Every structure is written in structure tokens, then in C-alpha cells.
Protein chains: 6
Amino acid sequence: MRPENRALDQLRPVTMETGVSRYAEGSCLIRFGHTHVLVTASVDEGVPRWMKGKGKGWVTAEYGMLPRSTHTRNNREAARGKQGGRTVEIQRLIGRSLRAVTDLKALGERQIVVDCDVMQADGGTRTAAITGAWVALSQACAGLVDQGLIETNPVTSPMAAVSCGIVDGTCRLDLEYVEDSAAQADANFVLTASGGIIEVQATAEETPFSGEEMDELMRLAKKGIGELCAMQEAALA
Amino acid sequence: MRPENRALDQLRPVTMETGVSRYAEGSCLIRFGHTHVLVTASVDEGVPRWMKGKGKGWVTAEYGMLPRSTHTRNNREAARGKQGGRTVEIQRLIGRSLRAVTDLKALGERQIVVDCDVMQADGGTRTAAITGAWVALSQACAGLVDQGLIETNPVTSPMAAVSCGIVDGTCRLDLEYVEDSAAQADANFVLTASGGIIEVQATAEETPFSGEEMDELMRLAKKGIGELCAMQEAALA
Amino acid sequence: MRPENRALDQLRPVTMETGVSRYAEGSCLIRFGHTHVLVTASVDEGVPRWMKGKGKGWVTAEYGMLPRSTHTRNNREAARGKQGGRTVEIQRLIGRSLRAVTDLKALGERQIVVDCDVMQADGGTRTAAITGAWVALSQACAGLVDQGLIETNPVTSPMAAVSCGIVDGTCRLDLEYVEDSAAQADANFVLTASGGIIEVQATAEETPFSGEEMDELMRLAKKGIGELCAMQEAALA
Amino acid sequence: MRPENRALDQLRPVTMETGVSRYAEGSCLIRFGHTHVLVTASVDEGVPRWMKGKGKGWVTAEYGMLPRSTHTRNNREAARGKQGGRTVEIQRLIGRSLRAVTDLKALGERQIVVDCDVMQADGGTRTAAITGAWVALSQACAGLVDQGLIETNPVTSPMAAVSCGIVDGTCRLDLEYVEDSAAQADANFVLTASGGIIEVQATAEETPFSGEEMDELMRLAKKGIGELCAMQEAALA
Amino acid sequence: MRPENRALDQLRPVTMETGVSRYAEGSCLIRFGHTHVLVTASVDEGVPRWMKGKGKGWVTAEYGMLPRSTHTRNNREAARGKQGGRTVEIQRLIGRSLRAVTDLKALGERQIVVDCDVMQADGGTRTAAITGAWVALSQACAGLVDQGLIETNPVTSPMAAVSCGIVDGTCRLDLEYVEDSAAQADANFVLTASGGIIEVQATAEETPFSGEEMDELMRLAKKGIGELCAMQEAALA
Amino acid sequence: MRPENRALDQLRPVTMETGVSRYAEGSCLIRFGHTHVLVTASVDEGVPRWMKGKGKGWVTAEYGMLPRSTHTRNNREAARGKQGGRTVEIQRLIGRSLRAVTDLKALGERQIVVDCDVMQADGGTRTAAITGAWVALSQACAGLVDQGLIETNPVTSPMAAVSCGIVDGTCRLDLEYVEDSAAQADANFVLTASGGIIEVQATAEETPFSGEEMDELMRLAKKGIGELCAMQEAALA
């Protein structure tokens, strides 16, 4: 049995609240159960130096966890003087995923920086971050269109992310922390609403798993991401 | 006229929400108008190495701002690889203020780390942080008493903080950002409910100010802190 | 046509030379075409502090590129004062992959550090590193058995890695640099000789790809990894 | 009784020696008893990038302690790779104080960097630094006038700093180290010769103190700073 | 007796292999017995900012050791986040030595970066690096002449380096590790083929040595460097 | 002609003042003309971790320059967050030189840290630092004998350092800055009073120099160091 009797292919209760930041051009507070991530999208009229003069924009992401977002306190990365390997890995993943659904030419020579800050962590923070980031990015881009700065919204496709895994021999959608820490395999999927693959990262925790299990994890992800994309659409409406 | 017709000695609308973190031993989401600070207090059974064996505890604080808590985005300190001078200064102030109202002997050999993270900044973030930190610390200490780990609550006195300043030649309580950025003088007060001084930091922005103005700022601070301490008591009740 | 008329499912010429380091307990110079990686496995009698007393060992990896291993010179990470995000990501992947085929209990309380240094880079350095790392690790572990320090070799399974990708609309095995930089999708597979999944990382470069393409990439990877595992066995013989 | 029978409102023997550096545009070796601080003011024809084109200059300060300026050796900040929180706090205070008495427009687009290096520390190093910094800055600015680079000296007002504190229940002027380490409260005042407030930082060490005590500390500070400003004038004559 | 019956004035077997890097403009894999150093010379069309517009070029060097080039593994400098003092010292020496035989005007406004990476270390890595660096630099410069980018090869003189030392009371040429670690004195010589002095660094390990011993070390160095310069000429032929 | 008509083999006016620090166990303010270095020797009852239990002590050195010790201001290394290559090189040289004349067994398990801080720089700061460091170290060791902590002074031999160089074709003793910056060769010698060699570092600036010139530089150094050792003896008397 999963915690709170969730079905194997059932998401936790998910909410997406937009416009939560008074200052950011786009923002979304996304909750997957007890996992809460605050995402802001900041428009910067200018691109990094290495991109200047190419007639294209850039989308990048940063990720952080509040020190006590977790069960026990983690040291603050700013105080340690560097971002950990996990953080670096996650923010690269978020940025790549967003750029895969953004027409950088249509964005023009400006940069959007998406900040994903985990307020509370109960598993699946990176996939919640991506899902919320898509909302904040879309909102910021819509604003650019509204202001007449660009003609069409450069976000090319709905997209969301979810984690799946194998726990106690069963494939499950949207692992929460107690499941995640006991998983035999852990996979993060970033897919478009229509099931196009943007990124798949699957990892065996202790022993290898099979191609059939991989297929089942993919099937669960498609189901969950379909539901998430519907919620994103509703949140932006 | 002050924004939104505030009186010179009037606080912005203040709210304090406790227990907002699922995991932290104490927590408070404090709002001074559009300034929002999330504070958690984490109990750590153990003290820093240089304090071991002294039969005393320790209280320390860290402070951070979300990159887009402000009007324009600031670089993430974790990404830059160091905390800025302002951050260091503020977290030292918060820690000192909390220790001034904590009986470290009564706390026993354990450490409480208070994290103050600014969600949204509209002036007065450090004083909001101190005021909320007192609430989170008190809640965490009450929990230690409830669990029988210590006998009496080591927090010795109610305490809060507020900023005052001189704007357009008038002394004002609780500056918001537009006032703060135009102030001739800026002062932060950390006082006990009964007006005892814990910390005063007053700074002339461009030209020196007088002792009489200093007295008026102190008077305003006492009034505001009296009100804040009443709200703290209510929030913890 | 692929460079040098390679078939879509054909590896580049691969060689694995063991025992290339006079000092390291295990070593392998692995070449995938013009990609050359020098791998050493160093046995350290002791484990990191956080693992002490658990009766288990640890395997970890570090990765680096010589500054002029690439077409144009890259800055030396030691001189810049930090490892880049890509480096961090890769060395975490190598370490995870090795641990997935190592019985850490059987290893005993000792650590094996695997260093993968890229001498020359022509695409696929991370998968070449993993494939060579398995050889160096196996050799180091065999040495521990020979010296009577442990009873059985803790490496539980043959394992190798390869990159596949979609270039000009065709799925291809073992991309070299000119292909990699033009790929629509790029996927790294770490599999056991029998096809068990250890890690899959698939990324769309500009536009999403389909589940059918993913299946074809997996099929190519299985073929290539089967061949690589045979070469590993030969190299160790 | 205070050490060496000092009266409660009596400064330690203070000396200010100007022109001690062969190369710096302004310099002052200031001694408060056994506290010795070497201050240099360096004129830099150019301003930091963020100030360019504003027709204004800038004054900034740095602070350091020689490793063995203190009773026991402290680690060298350059070797540790970062300046400590206390150092950052102090150098920000010195810079702010100097800018409060400098007409940055009159200075023109150039920067003056004031370095305060503690040769020997016996309490009150930051206030000695500020007092000496005013002398070195004034000398450097006078040199700019002499060279015809600017028309009027941009230093607008005499200014000095002193620490006061409550020790054994008595308010005292200019604490030395043995007093400072036993103080119930510690306050640093930066005032103009005529008593205008530039900065006040008052801190309770263990228990809060009263408004009356604050007033008495301010009274002592005014007396001491009056005397220091007279010495500054003599030193520059 | 020296290891392997070497005579006191005999070099270890030395080989120099050029063109070992597919991408670098110049390269040399140099071996002094078991000490192996891979050197690349990278031409960069541009100079550091502080050299711009002077009509001169620049030659600089970097040095690193693979973590397991030594008997026991050393931590990777990139992972530690800084280059150690020894590394810094060595790469400054290499750069200075190369610039002493390079006509920077003749090089034109371009930079050559020489990377010396120690694959295996058995004593004398810095002198092997300098000797190999001269070969790689010469090759890169010859390429510039061949391409018509410059008229004459800016390398003004043949040059090589060797270590000598006093071991068991005897002066010896080209110390290997077991000798080096037992030496009473250790000296590194960088000389031109005709015996001109570019750099001498001689260090007593425990007790001072005499001027006569210094003379004998110099005599040995001249002999060895004569032989090395002949090998360099052959390698480039 | 040399500046101020100095003879080629003449030192600048040298003074050594001991006991200049109120707190340090040994100290010396040494002046070579306008080069002024403040040296302190701090006794630390304990050795670095890697030396524990060996029954031996340790001597180490750190070096720094005040930002405005030079003609134009240099950035503060503590603010830049790292010590430069030149600093690292110099402090390693000072430490090595001191250890070469210290019987570490006789010192017992304690460490002496020698801090050399350049107050004013006019050439030859590293050799002035070594010469002054020997005085401060000797004084600190004498104090250990006086307190009965060790039986004999572990400093085994008088020792000093001086720079020599070739300027305008003539070999000269003790270069000052204007000579140093125009030198064809620059050499630093660390010798015992009786001429024993501790360290020689000779560098050609632009073109190689001859063995005969090296011999003349050595002759000058011996003369100068003989005089310096006599002054050291006098300073300690």
C-alpha cells in the first residue's frame, strides 16, 4: 500500500498558484503534496556576453532549497561558498528542459532567468520545479507579448515533469520522500503534453532493472504529465 | 504624506503566522506590508566545536533573500560563491539579538539555528526577520520544554525590532522601500517589550542628524515595538 | 553517410590497455576512435568519515579533461578554482554507475577512487570513462583478492556504457564529435552485459523525440554494450 | 578603578602621526594607548564601473589586522581565503562614515581607497581607524587641491569616532581590551565635531540596558570626540 | 651506487615524442625514466587584456599532476578548489623560462599557453616539463612560420632543464624519486645549450652546502643539458 | 652611478629593531633603506595535525604586503580571496630557509609561525623578511629557553639573505626598486654567516647570463650577508 492509499498511477494532490510574486514577471507556487516550490521568472533585457549579437534570447534556471525545507536542516549553500553537485545537476536540467520548448529567436535578445526555490521538500522537487517553471516562464512570455515587445509567445509546447520509480517491486507514479528513499529505481521524465520526450533520467539504486520496467515507468509518466499539463493550462487561464 | 496615508508613528499591517513549516521545530511567516520573511528555528542536539563541554547552548542565525524578492533580480549568493557584506552584517545582528534574550545555560548543550529567508522585500527585512525570529525561537524552545528536554523556556524576555528613519524632514516609524531609499537617516532598533535596549544602529545617509532627532526615532521605535510584542504574544498563544 | 563510412550500429575502433600506470592498483587507457581516456583506480584503506563503522566500503569517481584535449583549449578547472557543472554531473554519474555493480559489503571498509582523465576528446568521453573505469575497478578489486584482503571480487556484474543519438533523422551508435554537435537527441546508456539498466540519460537538443526513437536508441546501446563487455573481458584476461 | 587610574570620561593617550607612508597620498599612524592603526589614503584616478559618468567620486575603506596584532595569533584572512564577518562589518562602517562627510561631487570622478591596518590591538580598533582615516583622507584631499585637480576640499566636516561602554555598572569612555571584554554594553559613536550623528551602534552584551545609560554613553562620546577633533586639527596643521 | 647502476653524471633514459596531440599546435610527450609529462602548446590569437596594443605576444604555462601520477594518490586540485603552492611555483618557473628564450615582439600579438601535465612522477617533473615545453613551443612557433603568420621563429635559443642534487655526499645528475627524497641538497637548472643561465634554484634540505658543491652541481647540469638539447633538436627534426 | 652614490658592493642603510610587538614572543622591524618589514614570531604550543607524535616541532612563515606599501596601491589579498602566486612562493622560501637553521627536535612539539608584513616596499622585501625573520625567531626561541620550556636554543646557525643583480652590465649588491625593475638578472641568496648555502634563486630577466656573473653575484652576497649577520647579532644582544 502506498501512503494515504494512493493508487500506483495516482499523482499527489497538486496545486499551482500563479502571480504570487509582487515583482517577478512570471511566478508560480507549485505544490505536489508536501513538496512546495516557489518559482519566479525574471525578464532581463540583455543576454549573456557570449550570446550577444546573435539575434537570439536565452532561458536559464537556478535552483535552491531553503536550509530547513527538509526533515533535518541542510547547510546553506551561500554560506558554504558553493553550490553542491546535486544543485548544479538539477538547475542544468531545468534550464535545458525549458529551452527545449522555447523558440529563442522569437524571444529576441533578452534573457529569462527562472528561479526555483524549494520551500518544503517531500520528494520530487526537481520535477515540481520544472512543471512550475513552465508556468512562470509562460506567464512572463505572455507579458512580453502583451507589452508588444515580441509578437508571438516563444513557448512552443506545453511540457511538464514527474518522477516515477520502482518501490517494493511495483512501478509507481510521483514518489514522495518515504518511497523515494526506499526505491530500487528512480526515474525523472520531462515530456510534452503529447508525449514527446525532452529528457529521461533513469537510475538504478542498487541493482539493475529491466527494459520492461522502464517501459512501465514511461507509461506512468505519460499519464501523470497529461494531467499536469491540463492543470498548467487551467492555472494560466 | 506617507504612502497609503500612514501616520508617522504607524506600523504597516503586520501579520505573524506560526507553524508554517512541516519540519522545523519553530517557524513563523511574518509580513510587514509587502515585506514577507519566512523564519524557521532548527534544534540541533549538539553545539559548535568551540563550545563543547561548557554546559551551554548556542543560538545563531542565517539570512538570505530569494533572488527575485526585490524589484529587480539580484544574483543568487550561492551561485556567486559568497555571502555579501550586507548579508553577513544582518545575520550577525539577528544572532546577537536573539542571544541577548536567551539564557544559554538553560538551553543546555544544544544549538538552535534560525534561518530568515526573505520571500519579498519592501523595506525593513532585517527588523521583520528579528521580530519573526523571536517567535520561531520561542516556539522551538517551548517544544523543548514540552518534550521534557529542558525545564524552563530559556527565552528570557519578549523582544522585537523595527526600523525608523528621517524622510522629508520627518521622523517616521517602519519605513517601506520608497521611504527607505529617500531617507536622510535610517535607524534599526532591537528592544525588549519594556523598552530595554538590545541593539541600536543609526546611520546618517548624507548629512549628520541631531541628538533630538535620535530621541524621536527612539520614541517611535518604542511605540512600534510595544505593538509588535503584543502581536508576538498573540501569535504564540 | 557517417564519417569513415561507419554503419549506424557500429562502434568506432575501441582499444583497452590495462596496467598502464606504474603506481595505481588498477588502470586502463581506453580509446574510442580519437577519444582517449586514462583511468586509474586507487585503493585507499579507509572510508570517508560519514561511512565509518558501517562495515561497508565506498567507490567514488573523479573526472577531468586536459585543457587541450579538445579542439580549442579550455581553461584548467584547477586554475579557475572550481569544477564546472558538466564535470560535476559526469563524475557523479560515473560513481553511481560503478557502485551499482559493486557489493560494498564485500569490499570491506576501504575506498576505491577512480580517476578518469580525458587525454583527447572526440565525443563520448563520459561513456568511454565509465567503460574504462569498470576495467580499472575490476583490476584493483582482483588485486585485493590476490593479496587476501578480501575473499571474493566485489564487482557483481560486467557493465559498460555508450552514447547513442539521433543525427540527420537516423539513430546511431557511439557518436563522435561532429555527429554529437549536430544531434537532435543525445542519450547515454549504462547497461550490464545482459541488458539490465543501470542508468539512462536521454536529452532532446532542440525538439522532442518519440518513444519509438527512444526504443531504437536503447536497441543500439544494447548491441554496442554487448561488444564492449566482450572487449573488457578480453582486456582483463 | 579603571586601568592606570583613568577617569570614566578620560581618553587613553592618543597620538596621530601624519605622512608616515612614503608613497600614499595621505597617511596617519594613530595610537589610542596600545591600539595602533596605520591608515593610508590612496587616490585612484577613476571610479568603480557602476559609478562611471555620474560626475561624482567615491570613497571606500578596507580594514585588516596583522595576524599577531592581538594577544594570541589570528589566522591571516588572505590565507583563509576570505574576510571574516567582523572585518566586512567594520570596513563598511568606515566607508559609510567617511562618505557622510565627503562631498562626492566636489571630489570629481576619482576614488579614494582608505586602508586601515591594525598593527596592535588593545580595544577600539574600529573607532581609532575611523578617526585616523579622517586625517588621511583630509590630507589626500588637500593634496588634490594643492595640485589644482579640484578646487575645494571635499571633506565637509571634522569627524571622529570613539567607543564607550558599560563596565561594572559604570559608563566609560574609550574602552581598552580588558574593559571591552567585560562590558555589559558596547557602543561605537561616529560624530562630527559639533555633535552631529553620523553613526551609532550600541549593543547589549548579555542583558538589555536603559535609555538613560544610552544617553550617558552619548554624552561621554561627545566629550571624547570633541577632544579627538582638536587633535586631528593639530595633526593636519 | 645509484639505482640501476647509473653513473653520477648520467641522465636516465630520455625520450621525446612530438605531435602526440591531434589538436594542439605543438605537443611533446617527454619521459625521463618513469617520469612522464605530456606537454601541449596552444596558440591563442589574442593576448591578455593587460598586454593589448603593445605589439608583443605572451607565453605562459600551466602545470598539473594527474591525481594518481604518484605513489599514493593526491587530491585533485580542481576538486580542492585551488592550485597548491608547489604548483603555482612550478608553473611560474616554466613560464619565465620559456619567455627568456622567446622574442615576444617577433611572436606578434598572440599568446601561447603551454600545458604540462604529469602522467607519472618519479622525480624531476618540473625540469622534464620545461625541457618538453621548449619542444612543444618550438613546434607551435614553427607552425606559425609555416602558415605565414610570422616571419621568423621567435624562439631565440635552445634551452633545457635538469635537476641535480647531493645524495649520500655525492653530487648527482638527474635525481629520481628515491634519490630526491633522500637528498641533502636539490638544485634545478635551466640553461641554454651554450651554458647561459636562465634560472638556478638550489635548496639545502637540512644543512647548508658549500660553494664547491654548488659548482659541481652546475658542472653536472651543463653536461646533462647539452645532451638534452641534442635530443630536442633530433625530436624536432 | 647607483642611486645615492652607493658602491656596487654596498648595502643600503640597514636597521633592525627588536621587541616592537607588545604581544608576540619575538619581533623585529627591519629596514633596508625604504623597504620596511615588520616580523613577528608567534609560539604555538602544538603542531599541525600531520606532525603530531613525532617529537618534533615546526617553523612556518606567512608573508603579506600592506595594500599601499608600494608606489601604486595593490588589491588586498584578503579581499580578492586568495594569495597570489608571488606571495605563496615567497612564504614558502622564508619557511624553508628558517627550517634549514632550526633543530626541529630541539624545539619540541610546538610550532613557531613567523609573519612577515611589508609596511613599505622599495625592493628586496623577501630577503629583508628572511633576515628579520631570523632575528624574531631567535628571540622567540631564546624566550622558550628562558622559561625553561626547552634546554638549548634550536636555532643552529646565524643566517641572512640579500638580493643581488646585474644592472647596466654591472653586478650589484642589495638592489633597490629602481634597479630591480631595470635588472638583466636578479638573484636572491640565503646563506649562513660562514657562507654555507641555504638557498639560491637566480633568474635571467630577458637574456641568459654567464657562470662568471653568477660567481660575482655570489661573492657580493657573501660580503653583504656577513655584514647583516653582524647586525643581527648586535640587535639581539
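Residues numbered from 1 in each chain as written. Chains lettered and ligands numbered in written order. Predicted model: local features only at pLDDT ≥ 70, side-chain atom pairs only at ≥ 80, totals over all residues. Heavy atoms only, no water.

Participant: Would you mind going over the overall build of chain A with me for this structure?
Facilitator: A count of helices and strands for chain A gives 6 helices and 9 strands. The C-alpha atoms of chain A give 18 Å as radius of gyration, which agrees with the globular expectation for 237 residues (18 Å, within 12%). Counting only C-alpha atoms and orienting by the principal axes, one finds that chain A spans roughly 50 × 40 × 30 Å. Burial status across chain A gives 60% buried among its 237 residues. A separation of at least 24 residues holds for 68% of the contacts in chain A among residues at least 6 apart in sequence. As presented, chain A carries roughly 9,100 Å² of accessible surface, and 48% of it is formed by carbon and sulfur atoms. Considering chain A, the positive charge centre built from 25 side chains and the negative charge centre built from 31 side chains are found 6 Å apart. (Helix = DSSP H or I, 4+ residues; strand = E, 2+ residues; numbered from the N terminus. Rg over C-alpha atoms; globule rule 2.2 N^0.38 Å. Buried < 20%, exposed > 50% of the residue type's maximum accessible area, 1.4 Å probe, protein only. Contact = heavy atoms within 4.5 Å. Areas by Shrake-Rupley, 256 points an atom, 1.4 Å probe, with all protein chains shown as cover. Lys, Arg positive; Asp, Glu negative; His and termini not counted. Charge placed at Lys NZ, Arg CZ, Asp CG, Glu CD.)

Participant: What's the story with unusual backbone geometry in this structure? I'm lost.
Facilitator: Peptide bonds are trans in most cases, and residues, glycine excluded, mostly fall at negative phi. In this model, Glu4 of chain C sits at a positive phi of 55°, which is unusual for a non-glycine residue. Examined against the element boundaries, Glu4 of chain C turns out to sit in the segment before strand E1 (14–18). Positive phi, close to 55°, is recorded for Asn5 of chain F, a residue that is not glycine. With relative accessibility at 59%, the residue Asn5 of chain F sits in the exposed group.

Participant: Hey, could you run me through the interface of chain A and chain B in this one?
Facilitator: You'll often see interface size given as the accessible area lost when the parts meet. Counting residues at the interface gives 37 residues for chain A, matched by 37 residues for chain B. In total, chain A and chain B occlude about 2,700 Å² of area from one another, counting both sides; carbon and sulfur atoms represent 50% of this. The largest per-residue losses of area from chain A upon contact with chain B belong to Tyr23, Arg68 and Arg76 of chain A, which jointly make up 29% of the total buried on that side. Across the chain A-chain B interface, the total number found is 12 salt bridges. The salt bridge partner of Glu62 of chain B is Arg73 of chain A, with a shortest N-O separation of 3.2 Å. (Buried area = accessible area lost by both parts, 1.4 Å probe. Salt bridge = Lys/Arg side-chain N within 4 Å of Asp/Glu carboxyl O.)

Participant: What exactly am I supposed to notice about empty space enclosed by the protein here?
Facilitator: To find the voids left in a structure, one rolls a probe of water-molecule size over its atoms. All chains considered together, the criterion is met by 1 cavity of 30 Å³ or more. Volume-wise, the largest cavity comes out at about 30 Å³. What lines the largest cavity is simply Leu66, Pro67 and Arg68 of chain A together with Leu38, Thr40, Asp115 and Asp117 of chain B. Among the elements of the structure, strand E3 (35–44) and strand E5 (111–120) of chain B are those that each provide at least two residues to the lining of the largest cavity. Counted by class, the lining of the largest cavity contains 3 nonpolar, 1 polar and 3 charged residues. (1 Å grid on protein atoms, 1.4 Å probe; cavity = no way out; pocket = protein on both sides within 12 Å on 5 of 7 lines; lining within 4 Å. Points joined across faces, edges and corners; volume = space filled by probe spheres on them. Nonpolar A, V, L, I, M, F, W, Y, C, P; charged D, E, K, R; others polar.)

Participant: Help me understand the sheet that holds strand E4 (residues 58–65) of chain F in this model?
Facilitator: Sheets are built from strands that pair by backbone hydrogen bonding, the pairs being arranged parallel or antiparallel. All names here are of chain F. Strands sit in the order E1-E2-E3-E5-E4 across an open sheet of 5 strands; the sheet is mixed. Every interior strand has two partners, whereas the edge strands, strand E1 (14–18) and E4, have only one. Strand-to-strand twist of the sheet, defined as the mean angle between neighbouring strand axes without regard to direction, takes the value 15°. The pairing of E4 with strand E5 (residues 111–120) spans 8 bridges and is parallel. Across the sheet, the residue bridging to Glu62 is Asp115, located in E5. The strands that helix H2 (residues 85–100) touches are E4 and E5; relative to E4, the one it contacts most, it runs at about 145°. The strands that helix H4 (residues 125–146) touches are E1, strand E2 (26–32), strand E3 (35–44), E4 and E5; relative to E3, the one it contacts most, it runs at about 35°. (Pairing = 2+ DSSP bridges. Axes fitted to C-alpha atoms, helices over the stretch in contact; angles between N-to-C directions.)

Participant: I'm lost on the UniProt feature "binding site: phosphate" (unreviewed entry) in chain A in this one. Help?
Facilitator: Residues and elements named next belong to chain A. Mapped onto this numbering, the UniProt entry annotates "binding site: phosphate" (unreviewed entry) at Arg86, Gly124, Thr125 and Arg126. The annotated residues occupy 41 residues of the chain but converge on a single region, no pair of C-alpha atoms lying more than 13.3 Å apart. Here Thr125 shows up in helix H4 (residues 125–146). Residues in contact with Thr125, not counting those within four places in the same chain, are Thr35, Val37, Tyr63, Arg86 and Val118. The topology assignment puts Arg126 in helix H4. Discounting residues that sit within four places of it in the chain, Arg126 has contacts with Arg86, Glu89, Ile90, Leu93, Asn188 and Gln201. (UniProt positions renumbered as here; feature names shortened; annotations may be inferred.)

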